[in-house]
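A structural walkthrough
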Amino acid sequence: MFDHNNEICIRAAEPKDAQTIYDWENDTSIWRVSETYMPYTHQQVEQFIINSDIFANRQIRIMIEEIQSHKAVGCIDLFDFDPLNLRIEIGVLIRENFRHKGYAHEAITMAVRYCFDFLMVRQVYCAIDVTNDESIRLFEQMGFVKCGCRKDWLRTPDGYHDEVELQLFNTNFK
């Protein structure tokens, strides 16, 4: 565990999380938002966890765990780490039955603190389907600011959707 409050902690993914991550990665209902296009094997997930290194792979999976139950309620993905330009993209997944409890907000806050204080990035950003009002609202409430829009960027069964980018700058960056 590298950060926590009274309700949740965030921690690195461990081998014990392989089945949970496998289930999430192979849930076709979230493939569109996670940009997944094919299923993962259990072995691929295990290797991802074992070889997790933000500097070597430019990404890391952080588990969000409920303190009281010790259940993984979701995860934060930090990816496309750019050590030259000092930026990183963030994504969040909260299990459906744990949504609307403030866990995403708290976990993102902790992950951003990790990015700013330990990775020393200048900015954290995210890209969200313009129809995902709930996620856009969440990131805006956290201080992320819209900085761009990619027109007809995401192909969906309903046609093409725009994708909005939001970013948060490290105000303590020197």
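Residues numbered from 1 in each chain as written. Predicted model: local features only at pLDDT ≥ 70, side-chain atom pairs only at ≥ 80, totals over all residues. Heavy atoms only, no water.

On a plain count of helices and strands, the protein comes out with 6 helices and 8 strands. Shown N-terminal to C-terminal, the secondary structure of the protein runs as helices and strands in the order β-β-α-α-α-α-β-β-β-α-β-α-β-β. For the protein, the C-alpha radius of gyration of 16 Å lies close to 16 Å, the compact-globule estimate for 174 residues. On the principal axes, the C-alpha backbone points of the protein span a range of 45 × 40 × 35 Å. (Helix = DSSP H or I, 4+ residues; strand = E, 2+ residues; numbered from the N terminus. Rg over C-alpha atoms; globule rule 2.2 N^0.38 Å.)

Here helix H5 (residues 103–117) is 15 residues long and its end C-alpha atoms lie 21 Å apart, about the 21 Å a rise of 1.5 Å per residue gives. Those residues of H5 lying buried are Tyr 103, Ala 104, Ala 107, Ile 108, Met 110, Ala 111, Val 112, Tyr 114, Cys 115 and Phe 116. (Expected span 1.5 Å × (residues − 1). Buried < 20%, exposed > 50% of the residue type's maximum accessible area, 1.4 Å probe, protein only.)

Turning to the side chain of Arg 11, a few remarks are in order. Among the structural elements, Arg 11 can be located in strand S2 (residues 8–12). Polar contacts involving the side chain of Arg 11 include one to the side chain of Asp 17, which spans 2.7 Å. A polar contact of 2.9 Å, which involves the side chain of Arg 11, links it to the side chain of Glu 65. (Polar contact = N/O pair within 3.5 Å; in protein donor to acceptor, adjacent residues only side chain to side chain.)

The next subject is unusual backbone geometry. The backbone of Arg 58 sits at a positive phi, close to 65 degrees, despite the residue not being glycine. Structurally, the position occupied by Arg 58 is in the loop between helix H4 (54–57) and strand S3 (60–66). Here the phi dihedral of Asp 80 falls at roughly 50 degrees; this positive angle occurs in a residue that is not glycine. Along the chain, Asp 80 turns up in strand S4 (residues 72–82).

This part covers the sheet that holds S3. Taken in spatial order, the 8 strands line up as S1-S2-S3-S4-S5-S6-S8-S7 in an open sheet, and their pairing is mixed. With partners counted over all chains shown, the strands left at the sheet margins are strand S1 (3–4) and strand S7 (145–156), one partner each. Relative to strand S5 (residues 87–94), S4 is paired through 7 bridges, and the arrangement is antiparallel. Opposite Ile 76, over in S5, you have Val 92 as the bridge partner. The sheet strands contacting helix H6 (residues 133–141) are S5, strand S6 (123–129), S7 and strand S8 (159–169), and the helix crosses S6 at an angle near 160 degrees. (Pairing = 2+ DSSP bridges. Contact = heavy atoms within 4.5 Å. Axes fitted to C-alpha atoms, helices over the stretch in contact; angles between N-to-C directions.)

Moving on, we get to the nonpolar core. If you look at the biggest cluster of nonpolar residues, it comprises 37 residues, and the most contacted ones within it are Ile 76, Leu 78, Ile 88, Ile 90, Val 124 and Phe 144. Here this core gets 10 residues from one element, more than from any other, and that element is H5. Excluding its chain neighbours within four sequence positions, the residues that come into contact with Ile 88 are Ile 54, Leu 78, Phe 79, Asp 80, Phe 81, Cys 115, Leu 119, Val 121, Gln 123, Val 124 and Tyr 125. Listed in part, the 11 residues of the second largest apolar core include Ala 18, Ile 30, Ala 72 and Leu 93. (Core = buried A, V, L, I, M, F, W, Y, C linked by side-chain atoms within 4.5 Å.)

For Gln 123, the position within the fold is in strand S6. Taking relative accessible area as the criterion, Gln 123 reaches 10% and is therefore assigned buried. Apart from residues lying up to four places away in sequence, Gln 123 is in contact with Leu 86, Arg 87, Ile 88, Phe 116, Gln 167, Leu 168 and Phe 169.

Close contact between helix H1 (residues 18–25) and helix H3 (residues 42–50) brings their axes to 9 Å; oriented N to C, the two are set at 120 degrees. Of the possible angle classes, the one that applies to H1 and H3 is oblique. The element H1 and its partner H3 pack so that their crossing is right-handed. Contacts between H1 and H3 involve Ala 18, Gln 19, Ile 21 and Tyr 22 from the first element and His 42, Val 45, Glu 46 and Ile 49 from the second. Its residues assigned to classes, the contact of H1 with H3 comprises 5 nonpolar, 2 polar and 1 charged. (Parallel < 35°, antiparallel > 145°, perpendicular 65-115°, else oblique. Left-handed = near helix turned anticlockwise from the far one by under 90°. Nonpolar A, V, L, I, M, F, W, Y, C, P; charged D, E, K, R; others polar.)

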